[in-house]
Amino acid sequence: MTSAAEAARPGPTGSASRRPARLWGLAAVLAALIAACAASVAVGTRAVPLDQVWTALTDPSVHTFAAAAVRTRVPRTVLGLLVGAALAVSGALLQGVTRNPLADPGILGVNAGAAVFIVVGMAYIGLDSPGEYIWLAVLGAGLAAAAVWAIGSGGRGRPTPLRLALAGAVLAAVLTSVTQAVLLPRAELLQTFRFWEAGGIDGARFDQIAQVLPFFIAGAAMAAFSGRALNSLALGDELAAGLGLRVGLVRLLIAASAVLLAAASTALAGPIAFVGLIVPHAVRTIVGADYRWVLAWCVLVGPLLLLVADVVGRIITRPTEVQVGIVMAIIGAPVFIALVRGRRMGEL
Amino acid sequence: MTTTTTPAPAGDSSLAAGLVRARRHRRQRRWLLVVLALSLLILTLFMVSLCIGERVYSPADAIRVILGQKVPGASFTIGRLRLPRATTAILAGAAFGVVGACFQILLRNTLASPDIIGITAGANTAAVAGIILLGASGLALTGMAVAGGLLTALAVALLAWQGRGATSRLILIGIATGSMFDAVTMWIMIRGNQYDIQAASRWLTGSLNGATFTGLAPLAVILTIGLPAIAALSRPLDTMRLGEDAAAGLGVRVRSTRTAIMLVGVVMLATATATTGPIAFVSLLCGPIAANLVGPGRSYLLPSALVGSAMVLGSDIIASRLLPHSYPVGVVTGIVGGVYLIVLIVRLTRRETV
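What you are looking at is a predicted structure, and each value in this text was computed from that prediction instead of being measured. (Residues numbered from 1 in each chain as written. Chains lettered and ligands numbered in written order. Predicted model: local features only at pLDDT ≥ 70, side-chain atom pairs only at ≥ 80, totals over all residues. Heavy atoms only, no water.)

## Digging into the nonpolar core
To keep it simple, the criterion reads: The term nonpolar core refers to a set of buried residues drawn from Ala, Val, Leu, Ile, Met, Phe, Trp, Tyr and Cys, joined through side-chain atoms within 4.5 Å. Think of it in three bands: with a 1.4 Å probe and only protein chains considered, a residue is buried below 20% of the maximum accessible area for its type, exposed above 50%, and partly exposed in between. Under the DSSP-based scheme used, a helix requires at least four consecutive residues in state H or I and a strand at least two consecutive residues in state E, with every element numbered from the N terminus. Throughout, a residue-residue contact means that at least one pair of heavy atoms, one from each residue, lies within 4.5 Å.
The biggest cluster of nonpolar side chains holds 202 residues, and the ones touching the most others in it are Leu-93, Ile-272, Phe-274, Met-328 and Phe-336 of chain A. Here this core gets 18 residues from one element, more than from any other, and that element is helix H3 (residues 74-107) of chain B. Ignoring sequence-local partners within four residues, the contact set of Phe-274 of chain A consists of Asp-104, Ile-107, Met-328, Ala-329, Gly-332, Ala-333 and Phe-336 of chain A together with Ser-179 of chain B. Val-128, Ala-129, Met-189 and Trp-203 of chain B belong to the second largest nonpolar core, which has 14 residues in total.

## Some remarks on helix H5 (residues 110-125) of chain A
All names here are of chain A. For clarity, the cut-off: Any helix carries an expected span of 1.5 Å times its number of residues minus one.
With 16 residues, H5 should cover 22 Å at 1.5 Å per step; its first-to-last C-alpha distance of 22 Å lies within 8% of that length. By the burial criterion, the buried members of H5 are Val-110, Asn-111, Ala-112, Gly-113, Ala-114, Ala-115, Val-116, Ile-118, Val-119, Gly-121 and Ala-123. Two residues or fewer past H5, Gly-126 is found with a positive phi of approximately 75 degrees.

## Some details on empty space enclosed by the protein
Residues and elements named next belong to chain B. We count it as follows: We place a 1 Å grid over just the protein atoms. Points where a 1.4 Å probe fits but has no way out form a cavity, open points with protein on both sides within 12 Å along at least 5 of 7 lines form a pocket, and any residue with an atom within 4 Å of a point lines it. Grid points are joined across faces, edges and corners, and a volume is the space filled by probe spheres set on the points.
All chains considered together, the criterion is met by three cavities of 30 Å³ or more. Lining the second largest cavity, in full, are Phe-103, Ile-117, Ile-119, Ala-153, Val-156, Ala-157, Leu-170 and Met-262. The element that contributes the greatest number of residues to the lining of the second largest cavity is helix H5 (residues 138-160), accounting for three residues.

## Quick look at the environment of Trp-297 of chain A
Residue and element names in this part refer to chain A. With respect to the helices and strands, Trp-297 occurs in helix H14 (residues 291-316). Along the backbone, Trp-297 and Leu-307 are ten residues apart, and their C-alpha atoms lie at a distance of 16 Å. In contact with Trp-297, not counting residues within four places along its chain, are Arg-22, Gly-25, Leu-26, Val-29, Val-283, Ile-286 and Val-287.

## A few points about the confidence of the model for chain B
All names here are of chain B. For the record, the criterion: Scored between 0 and 100, pLDDT is the confidence that the predictor attaches to each residue.
For chain B, the average pLDDT comes to 85, and 94% of its residues sit at 70 or higher. Residue range residues 1-10 is modelled with pLDDT below 50. Its contacts to residues more than four positions away, or to other chains, number three contacts. If you check the scores for this complex, the pTM reads 0.85 and the ipTM reads 0.84.

## A word on the pattern of salt bridges
What counts here: The term salt bridge refers to a pairing of a side-chain nitrogen on Lys or Arg with a carboxyl oxygen on Asp or Glu at a separation within 4 Å.
Following the criterion strictly, the structure yields ten salt bridges over all chains and no others. When the shortest N-O distance is used, the salt bridge between Asp-207 of chain A and Arg-205 of chain A registers 2.9 Å. Take Arg-205 of chain A: its relative accessible area is 44%, and that puts it in the partly exposed class. The closest approach of N and O atoms between Asp-238 of chain B and Arg-241 of chain B, which form a salt bridge, is 3.4 Å. We classify Asp-238 of chain B as buried; its relative accessible area is 16%. Given the relative accessible area of 29%, Arg-241 of chain B is considered partly exposed. When salt bridges that share partners are traced, they join Arg-76, Asp-310, Arg-314 and Glu-321 of chain A into one network.

## Comments concerning the environment of Leu-45 of chain B
Residues and elements named next belong to chain B. Mapping Leu-45 onto the fold places it in helix H1 (residues 13-51). Classification of Leu-45 as buried rests on a relative accessible area of 18%. Separated by 102 residues in the primary sequence, Leu-45 and Ala-147 have C-alpha atoms spaced 33 Å apart. In contact with Leu-45, other than residues within four places in its own chain, are Ala-310, Leu-313, Gly-314 and Ile-317.

## Section: the packing of helix H8 (residues 187-198) of chain A against helix H6 (residues 167-191) of chain B
Between two packed helices, what matters for the description is the angle formed by their axes and the separation of those axes. The condition is simple: To obtain an axis, a line is fitted to C-alpha atoms, over the contacting stretch when the element is a helix, and the angle between two such axes runs from 0 to 180 degrees between their N-to-C directions. Roughly parallel means an angle under 35 degrees; roughly antiparallel means over 145; roughly perpendicular covers 65 to 115; every other angle is labelled oblique. Helix crossings fall into two classes, left-handed where the near helix is turned counterclockwise from the far one by less than a right angle and right-handed where it is turned clockwise. Gly falls in the polar group here, along with every residue not listed as nonpolar (Ala, Val, Leu, Ile, Met, Phe, Trp, Tyr, Cys, Pro) or charged (Asp, Glu, Lys, Arg).
Where H8 of chain A contacts H6 of chain B, the axes come no closer than 10 Å and their chain directions differ by 140 degrees. On the basis of their axis angle, the class for H8 of chain A and H6 of chain B is oblique. As for the relative orientation of H8 of chain A and H6 of chain B, their crossing is left-handed in sense. Contacts between H8 of chain A and H6 of chain B involve Arg-194, Phe-195, Glu-197 and Ala-198 of chain A from the former and Met-186, Met-189 and Ile-190 of chain B from the latter. For the contact of H8 of chain A with H6 of chain B, the per-class residue count stands at five nonpolar, no polar and two charged.

## Points about the interface of chain A and chain B
This is how it is decided: Between N or O atoms, a polar contact is any pair within 3.5 Å; within protein, one atom must be a potential hydrogen donor and the other a potential acceptor, and residues adjacent in sequence are included only when both atoms are from side chains.
In this assembly, 45 residues from chain A lie in contact with 52 residues from chain B. Counting every contact that joins chain A to chain B gives zero salt bridges. Where chain A meets chain B, there are three residue pairs in polar contact (both at pLDDT 80 or more). At the level of elements, helix H6 (130-153), helix H7 (161-183), H8 and helix H15 (324-341) of chain A are the ones that each hand at least two residues to the side of chain A that touches chain B. Top element by residues in the side of chain A that touches chain B is H7 of chain A. It accounts for 13 residues. Considering only residue class, the side of chain A that touches chain B consists of 32 nonpolar, eight polar and five charged.

## As for unusual backbone geometry
Unlike most non-glycine residues, Arg-99 of chain A shows phi in positive territory, near 45 degrees. Structurally, the position occupied by Arg-99 of chain A is in the loop between helix H4 (65-98) and H5. Notably, Phe-281 of chain B is not glycine yet its phi reads approximately 70 degrees, a positive angle. By the secondary structure assignment, Phe-281 of chain B is in the loop between helix H10 (254-276) and helix H11 (282-294). When its relative accessible area of 2% is taken as the criterion, Phe-281 of chain B is described as buried.

## Some details on the packing of aromatic side chains
All names here are of chain A. The condition is simple: In this analysis, rings of Phe, Tyr and Trp, with Trp reduced to its six-membered ring, are considered paired at centre separations within 6.5 Å, and the interplanar angle assigns stacked below 30 degrees, edge-to-face beyond 60, and tilted for intermediate values. Only when the NZ of Lys or the CZ of Arg is both within 6 Å of the ring centre and within 35 degrees of the ring normal is a charge said to sit over the ring.
Scanning the model with the defined rule gives two aromatic pairs over all chains in all. Seen in terms of ring centroids, Trp-135 and Phe-215 are 5.0 Å apart; in terms of plane orientation they differ by 80 degrees. Their pairing is edge-to-face. Taken together, the residues Trp-135 in helix H6 and Phe-215 in helix H9 (residues 206-224) connect sequence positions 80 residues apart. Classification of Trp-135 by relative accessible area gives exposed; the value is 59%. One cation-aromatic arrangement involves Arg-186 over Tyr-124; the distance from NZ or CZ to the ring centre is 4.8 Å.

## Let's talk about the confidence of the model for chain A
Residue and element names in this part refer to chain A. Counting all residues, the mean pLDDT for chain A is 85, and 93% of those residues have values of 70 or more. At the level of individual helices and strands, chain A shows its lowest average pLDDT in helix H1 (residues 4-7), which scores 41, and its highest in H14, which scores 93. Across residues 1-15, where pLDDT falls below 50, the model places 20 contacts with residues more than four positions away in sequence or in other chains.

Following this line, the structure appears as structure tokens:
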């Protein structure tokens, strides 16, 4: 199992010495994630003790307020698991494919692209369920990603983190104007959109999750095979090509899976930023730079972060809730700033 | 980007000097021409926005109203509604335009306008908090927006400061700060009641609806102080286009110039933002447009202000008079920004294929 990518990376990052630690760590993260799931169904405006949570979930004949609260939190938790994993993996893929430490579907405007197309679909075509507008979301996310890459690279090879982030911010600003133009004459849509735009997993429904699930699966399937390619890409385009990788095609496929995952998340939960930024960085400090491990860990750490942020958002302003998208931005921006400050000028 | 510098024939220095002088002369004439043309354009748009609307008045009527004579009907429609609106557009546009150009020069990046690097977002959050949580309006609202903008700029600058000035770090930190403040704004909006939200939402798009003379007074005062201040700083600032080290070598006190420009700029920007709301992309677009108009080597600060005024006035005419649904002006400037972005992409990709 010594791929060329790993052979090129000497020392303790090699897989042999780290493998047990990575696996045990993964088990620990899994345990933490299960605890987060339990908290997510138990904690909220109405807190429910864990034994009652259990009876509410196992005994459908119980009809108390507590049981009802728990049952509405189940789809919310499931959606949190899906969206957290998808956004974290999407961020890791984007960071790998652009070789840019600051990539994230939110920062690069991919989520905003999906959101605008969804709004247009709602306003002009009358679509109102995620299963109907997911295609538009994928299209919008793809176009936004392509536009950001075009502006950021400026026609001269690989874009710097600075230019990509700027391109994403400018694109997001344009898309916000477009959204306003569509929404302002439509007061009723403005009302629903205001909540959706903040990005949240409240109001999740299993039927809607099921409609979009195939897109998550497709994106995840493509992502599952990209670890080795990303390891090669990390060595630089020339070396990767020398290792027999078709760089352009691979990059396009990986970007497509990142877009698919981000679009599916946005269709269900609205635009949520910074999960895709924070999680891969946190994971890399534990497992090293091998993308196969980074991706595997992202699948568990992403939901862990999102669910914890969601639970925090339910607690801090009781009896109202802060949506997880807002909590993530408030946690995420300082992390982004710390990452920027930790780097030398030349790397930006 | 190769600037067209014709190689001076060796040994014929008087001819070369003559060529240089002629070129400088031509550039100066072009600059004057641009300023004149933009001023004329603003005057025309100003008259159009005074005369045309649901009721159309003749320019003579408009001028009589401006001069303070009583004209039945027009005195109210023009004097109380359209004149403050058009004046606000000119003032706010000038502020957005010139401050945007200043920031682009300081940060050496055409995309680094104050609404991208978080300063506008900070002013927005303070203003929306003022509207929804405190019920603020008028001067108090202006004060809060200015404070929000200044504190944000200070925070971003402090976070980015690590020994030497580092513009790319400042831009990135600004983007993150901006997205954090946007989230906080959204949070405040969600918790507000229906009526306040409508007001805050319209305001957030940038709107000239409900402009009054008392409302624009703070902006007018700030601009009469700020624009001369920027003009006084324009020479060192233009020298800084050569790069900070070169400017320092030419005797520019880089750090104090930068601090002064940032301070004046943020106050002007936040006051304009408090008056009209953040009108999207004006501060981003004016610098590049003005720079293209005047050509290389000339200061484009004054032209940027003029482009800003013309852009806001023109966009407001389109938004409120020409479109089927009356939009706030920020929607139109936002779409203009989108067009600019598309042009940028097309130009970049074309350069790639060549």
